[in-house]
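So the chains spell out like this:
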Amino acid sequence: MRRISCGAFWIALASLTSTAVAQTPRNLHWTDSWAASPMQQTFYTSNTAFHDTTVREIVHLSRGGHYVRVRLSNVFGTEPLHITAVHVAAAVATNSSQIVAGTDTPVTFQGSADVLIPPGAAYVSDPVAFDAKPLENLTVSFHVNEPSMPETFHDNANQVAFMAPGDQVGATQLTHARSELHWYWLTGVEVGTPQPGSCVVAFGDSITDGWQSTVNGNNRWPDDLAARLQAHAATKNVCVVDEGISGNRVLLDGSGPNAMSRFDRDVLSQPGVKYVIVLEAINDIGHLADQQDVSQADQEALYHHLIAGYQEMIDQAHAHGIKIIGATLTPFKGCGYYTAQGPEFEALRQKINTWIRTPGHFDAYVDFDKATRDPAQPDRFAPEYDSGDHLHPNPAGYKAMANAIPLTLFEK
């Protein structure tokens, strides 16, 4: 056996490390291209649900780049998350686990194929050369060794994800795969480019999350906004990431952490963020409306607490040099929230919208209320934009919302 001296070994290792570093430009500018807000998983009961499992998730990129990084989160985990391998590839279709031949690319963490993420932590991978195209569908595949319980996930993906037994991260198509409409552990895909870019964070509830949009269709309003930005020469370097959580509230936890508690993680900490559009509060109104005989004093208290929450977001955004844009609340008459006191809570919605539209509060506003309401009955969705539940838009309504956003807000 040939022996190698200790000094020679470290020289060789340093040479390999230097070569790897040299392959990645040092002057890359990083922005998000896709993201999802982490939530705490509570309804999985099987102790073997994800043990020795390949997870393949499909994400819709908003901006392209020649390098990518993957962000994985164990923020709600109670034990370390051990991932033995991660790959990225171009997706053949949004409803299939098949990847485009020749695009499968391994991703590393500090040069290692595997990563151990402690409870409460999130890790970003090393940069990897990959030709990520704007508005492309990308697969992120990873093999989970432990834990078996997926404690950190995003509930309403409206996009199929695949789970298959064993380590199949490099497979062209997964075998014996099952599918679910959730994203597990994956919270971001970042792109690196020589030229600087900027990012718009769409921050909100189920209307931002895309409830009632088309499964695998990528027609949420943030998706439609991303397409508009890519088609406009002055905004091609602007990405859009969807940080909506269905059922989200400003003041209290619901199906996910409240907006105030997650603003730092889901907005301020996103790479390249320069703008945030806030569409929150309809669930705060609705949960109060669900109660019986709500006093005027309680309604006034909710209004003042919501405005205080908005102002806190505004102050935090400004402290980080971020332009914050308020979005008016869309109509909700006819939905389950519209109880016997519906007219009073409609007045509350209008009062909040007046505050959002008033100069000197948000840096700008987008009028989603005006874009989606029925002109003949402004407390209701226009029929052509109503998904049928009278609370969420259909895909045409989401497109109308995106079209109501002036692209000049994001031009330098």
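Just so you know, these numbers come straight off a predicted model, no measurement behind them. (Residues numbered from 1 in each chain as written. Predicted model: local features only at pLDDT ≥ 70, side-chain atom pairs only at ≥ 80, totals over all residues. Heavy atoms only, no water.)

### A few points about the overall build of the protein chain
- Within the protein chain one finds 9 helices and 22 strands.
- A compact globule built from 412 residues should have a C-alpha radius of gyration of about 22 Å, and the protein chain, at 23 Å, falls within 12% of that.
- Each of the three principal axes of the protein chain carries a C-alpha extent, and together these read 85 × 50 × 35 Å.
- With 412 residues in all, the protein chain has 57% of them scored as buried.
- Put simply, of all contacts in the protein chain between residues at least 6 apart along the chain, 80% involve residues at least 24 apart. (Helix = DSSP H or I, 4+ residues; strand = E, 2+ residues; numbered from the N terminus. Rg over C-alpha atoms; globule rule 2.2 N^0.38 Å. Buried < 20%, exposed > 50% of the residue type's maximum accessible area, 1.4 Å probe, protein only. Contact = heavy atoms within 4.5 Å.)

### Considerations on the state of the cysteines
- Under the definition given, this model contains 1 disulfide.
- Residue cysteine 199 pairs covalently with cysteine 239 via a disulfide, S to S 2.5 Å. Sign of the S-S torsion, about -135° for the bond between cysteine 199 and cysteine 239, identifies this disulfide as left-handed. Of this pair, cysteine 199 sits in strand β16 (residues 198-204) while cysteine 239 sits in strand β17 (residues 238-244), and the two are 40 residues apart along the sequence. (Disulfide = S-S within 2.5 Å.)

### A word on the sheet that holds strand β19 (residues 323-327)
- Pairing within the open sheet is parallel, and its 5 strands lie in the order β17-β16-β18-β19-β20. Sheet topology places β17 and β20 (364-366) at the edges, where each strand pairs with a single neighbour. Along the sheet, successive strands turn relative to each other by an average axial angle of 25°, direction set aside.
- Most of the contacts of helix α6 (residues 296-319) go to β19, to which it runs at about 155°, and overall it touches β16, β18 (273-279) and β19. (Pairing = 2+ DSSP bridges. Axes fitted to C-alpha atoms, helices over the stretch in contact; angles between N-to-C directions.)

### Examining the pairing of β18
- For β18, the tally of buried residues reaches 6 of 7 residues, placing the bulk of the element in the interior.
- Relative to β18, β16 runs parallel, the two sharing 6 bridges. Pairing of phenylalanine 203 across the sheet is with valine 278, part of β18.
- Pairing of β18 with β19 involves 4 bridges; the strand directions are parallel. Opposite valine 276, over in β19, you have isoleucine 324 as the bridge partner.

### Comments concerning the packing of helix α4 (residues 259-268) against α6
- Between α4 and α6, the shortest axis-to-axis distance is 11 Å and the interhelical angle comes to 25°. It follows that α4 is roughly parallel to α6 by the angle criterion. Two packed elements cross with a definite hand, and for α4 against α6 that hand is right-handed. Counting all contacts with α4, which are made through Ala259, Met260, Phe263 and Leu268, the residues of α6 involved are Gly309, Glu312, Met313, Gln316 and Ala317.
- Across the contact of α4 with α6, the residue classes break down as 6 nonpolar, 2 polar and 1 charged. (Parallel < 35°, antiparallel > 145°, perpendicular 65-115°, else oblique. Left-handed = near helix turned anticlockwise from the far one by under 90°. Nonpolar A, V, L, I, M, F, W, Y, C, P; charged D, E, K, R; others polar.)

### A short note on the sheet that holds strand β2 (residues 39-40)
- Within the open sheet, the 3 strands sit side by side as β2-β11-β14. Their pairing is antiparallel. One side of each edge strand has no neighbouring strand; the edge strands of this open sheet are β2 and β14 (183-184).
- Bridge count for β2 against strand β11 (residues 152-154) is 2 bridges, and the pairing is antiparallel. Paired with methionine 39 across the strands is phenylalanine 153, a residue of β11.

### Some points on the environment of alanine 364
- Within the secondary structure, alanine 364 sits in strand β20.
- Owing to a relative accessible area of 17%, alanine 364 belongs among the buried residues under this scheme.
- Sequence separation between alanine 364 and isoleucine 277 is 87 residues; the distance between their C-alpha atoms is 9.3 Å.
- When residues no more than four places from it in sequence are discounted, the contact partners of alanine 364 are Ile324, Ile325, Gly326 and Leu409.

### Some details on the packing of helix α3 (residues 221-231) against helix α9 (residues 395-403)
- In the contact formed by α3 and α9, the axes pass within 8 Å of each other and the chain directions differ by 50°. As judged from the angle between their axes, α3 and α9 are oblique. Read as a crossing pair, α3 and α9 show a hand that is right-handed. Of the residues in α9, those touching α3 at Trp221, Asp224, Leu225 and Arg228 are Pro395, Tyr398, Lys399, Met401, Ala402 and Asn403.
- When its residues are assigned to classes, the contact of α3 with α9 shows 6 nonpolar, 1 polar and 3 charged.

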